[in-house]
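Now for the letters of each chain:
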Amino acid sequence: MLIVMKPDAVESDIEKVVEAIEELNLNAQVLLEKTRATIVVLGNLDGIEKARFVHLPKVSEIIKLTKTYRLSTRDYKSDNTIVKIGDATIGGDELTIIAGVCSVENHEQLFTVAETVKKSGAKLFRGGAFKPRTSPYAFQGLGERGLQMLAEVRAEFDLKIVTEAMDEHGVDLVEKYGDVIQIGARNMQNFSLLKRVGKSNLPVLLKRGFAATLDDLLSSAEYILSEGNENVILCERGIRTFANHARNTLDLSIVPALQKISNLPIIVDPSHGTGKTFMVAPMAKAAVAVGANGVIVEIHPNPERALSDGSQALTPAQYLEMVAQLDTVFKAVQSPKSQVQG
Ligand code: PEP
Ligand code: MN
């Protein structure tokens, strides 16, 4: 439920509404926008009627939200959420490129890729130290040592680090060494992990699960937002379908679908979304063309030797060529500015 206040509502009017909400053992979150104040009611609203609030002073309108998510909606907050990470922003006017390695393997691999990413002008570096692998026998990542190496990249190249946490202990470590916590596709509905990152001060990159609908994705984002962390970045990384020409089916239609109803930024992962190097640049360009806020991609100096995901890795040269193309596509679609229509 959303309670929209009249433009002339003052602080004491808002307080009265908040008190009425809290009397019902529910929580209120107030958003002050330029033209209006909106109060979203958080908690289980079964049996709670609009009538309870409608007569309170300066209440303009009460909107019943029928979905399982509230804070990520444009009904609640019409402006785009812009996530700031150092001097990088995601969700604003710039195209965000997050690039790096699939897994941190060794110093040479990591620093070669970091040098390339820095050269491209990207500000965010990805790299996994805790790897969610299908087989327990596959390379699982270097763990804390890998995070320490990522922290060295951060210091040496002035890049911000995006890295995955697979459990709550992993979140503690990412908070120590990283800048953005990635929640992988396999953990999109790990609700205790989502609640934990909701309490973090770091932004969260939330990847769409293999079989998750748009509503499932936004409901997972709500777990993070409702714990107080406003900095959630959504990521489309492909879903499972019957199609087998690619590792996953990259669902680019979710980008405008999300932008229409959600205020959260959305980036696209064409590396995991296709699983094949030759498809990465074409699908990255398509992602930018449909209005994604950015892309996240994997690079390896020697893909055939990679310990994970070599078949989808770009070489440094392929990556730099792709970035130049993305820039052209971005400029072409940038104006007129608003891409969220109808
Ligand atoms: C990754 O980005 O390293 C990864 C494992 O991706 P996903 O969770 O989308 O499979
Ligand atoms: Mn990978």
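Look up a bit, the structure's there.
This is a predicted model, so every value here is computed, not measured.

A. Geometry of the packing of aromatic side chains. One pass over the structure, following the stated rule, counts 2 aromatic pairs. Pairing Phe191 with Tyr223 gives two aromatic rings, centres 4.5 Å apart and planes at 25°, and the pair type is stacked. Taken together, the positions of Phe191 in helix 6 (residues 191-198) and Tyr223 in helix 7 (residues 214-225) put the pair 32 residues apart, joining distant regions of the chain. Look at Tyr223 and you get partly exposed, because its relative accessible area is 29%. Between the NZ or CZ atom of Arg240 and the centre of the ring of Phe210, over which it lies, the distance is 4.8 Å.

B. Spotlight on a negative patch on the surface. On the surface, Glu11, Glu15, Glu19, Glu22 and Glu23 cluster together into a patch of negative charge. Relative to the helices and strands, Glu15 resides in helix 1 (residues 11-23).

C. Quick look at the pattern of salt bridges. Under the criterion given, the structure shown has 16 salt bridges. With its nearest N and O atoms 3.2 Å apart, the salt bridge here joins Asp215 to Lys67. Of this pair, Asp215 sits in helix 7 while Lys67 sits in the loop between strand 4 (59-63) and strand 5 (83-85), and the two are 148 residues apart along the sequence. In this structure, the salt-bridge partner of Arg154 is Asp179, at a minimum N-O distance of 2.7 Å. One end of the pair, Arg154, is in helix 4 (residues 144-157); the other, Asp179, is in the loop between helix 5 (168-177) and strand 10 (180-183), with 25 residues separating them in the sequence. Since its relative accessible area comes to 12%, Asp179 is described here as buried. In this structure, a network of salt bridges that share partners links the residues Asp172, Glu175 and Arg196.

D. View of the sheet that holds strand 3 (residues 37-42). Read from one edge to the other, the open sheet built from 4 strands follows the order 2-3-1-4, with strand pairing classed as antiparallel. The sheet is open, and its two edges are formed by strand 2 (27-32) and strand 4, each paired on a single side. In this sheet, neighbouring strand axes are inclined to one another by 20° on average, regardless of whether the strands run parallel or antiparallel. Of the strand pairs in this sheet, strand 1 (residues 2-5) and strand 4 are connected by 4 bridges, and their pairing is antiparallel. Directly across from Met5, in strand 4, lies its bridge partner Val59.

E. Representation of the site of ligand 1 in the model. Ligand 1 sits among Arg126, Lys131, Pro132, Glu164, Gln182, Gly184, Ala185, Arg186, Lys207, Arg237 and His272. A distance of 2.9 Å separates an oxygen atom of ligand 1 from a polar side-chain atom of Lys131. Relative to its free-state accessible area of 300 Å², ligand 1 is covered by the protein chains to the extent of 97%. Of the residues assigned to the shell around ligand 1, the class counts are 2 nonpolar, 3 polar and 6 charged.

F. Region of the structure containing the coordination of the manganese ion (ligand 2). Those protein atoms acting as donors to the manganese ion (ligand 2) are Cys102 (SG), His272 (NE2), Glu298 (OE) and Asp309 (OD), and they sit at 2.0 to 2.4 Å. The sequence pattern formed by the donor residues of the manganese ion (ligand 2) is C-x169-H-x25-E-x10-D. Placement of Glu298 in strand 14 (residues 294-298) and of Asp309 in the loop between strand 14 and helix 11 (316-334) is noted, with a sequence separation of 11 residues between them. The burial state of Glu298 is the same as that of Asp309; both residues are buried.

G. Structural context of the packing of helix 7 against helix 8 (residues 254-261). Across the interface, helix 7 lies against helix 8 with an axial gap of 11 Å and an inter-helix angle of 50°. For the element pair helix 7 / helix 8, the angle class is oblique. Crossing of helix 7 against helix 8: the hand is right-handed. Counted together, Leu214, Leu217 and Leu218 of helix 7 and Ile254, Ala257, Leu258 and Ile261 of helix 8 form the full contact between these two elements. Classifying every residue of the contact of helix 7 with helix 8 by side-chain character gives 7 nonpolar, no polar and no charged.

H. Structural view of the sheet that holds strand 11 (residues 204-207). The 8 strands lie next to each other as 7-8-9-10-11-12-13-14, forming a closed barrel whose pairing is parallel. Strand-to-strand twist of the sheet, defined as the mean angle between neighbouring strand axes without regard to direction, takes the value 25°. Pairing analysis gives 3 bridges linking strand 10 to strand 11, with the strands arranged parallel. The partner of Gln182 across the bridge, within strand 11, is Leu205. Strand contacts of helix 11: strand 7 (96-103) and strand 14, with the helix running at about 160° to strand 7, the strand carrying the most contacts.

About the thresholds
Residues numbered from 1 in each chain as written. Chains lettered and ligands numbered in written order. Predicted model: local features only at pLDDT ≥ 70, side-chain atom pairs only at ≥ 80, totals over all residues. Heavy atoms only, no water. Phe/Tyr/Trp six-rings, centres within 6.5 Å; stacked < 30°, edge-to-face > 60°. Helix = DSSP H or I, 4+ residues; strand = E, 2+ residues; numbered from the N terminus. Buried < 20%, exposed > 50% of the residue type's maximum accessible area, 1.4 Å probe, protein only. Lys NZ or Arg CZ within 6 Å of the ring centre and 35° of its normal. Patch = residues over 30% accessible without salt bridge, like charges linked within 9 Å, V, L, I, M, F, W, Y side chains within 5 Å. Areas by Shrake-Rupley, 256 points an atom, 1.4 Å probe, with all protein chains shown as cover. Salt bridge = Lys/Arg side-chain N within 4 Å of Asp/Glu carboxyl O. Lys, Arg positive; Asp, Glu negative; His and termini not counted. Charge placed at Lys NZ, Arg CZ, Asp CG, Glu CD. Pairing = 2+ DSSP bridges. Axes fitted to C-alpha atoms, helices over the stretch in contact; angles between N-to-C directions. Near = heavy atom within 4 Å. Polar contact = N/O pair within 3.5 Å; in protein donor to acceptor, adjacent residues only side chain to side chain. Nonpolar A, V, L, I, M, F, W, Y, C, P; charged D, E, K, R; others polar. Donors = N, O, S within 2.8 Å, 3.2 Å for Na, K, Ca; no water. Parallel < 35°, antiparallel > 145°, perpendicular 65-115°, else oblique. Left-handed = near helix turned anticlockwise from the far one by under 90°. Contact = heavy atoms within 4.5 Å.

Keep in mind these numbers describe shape, not what the thing actually does.
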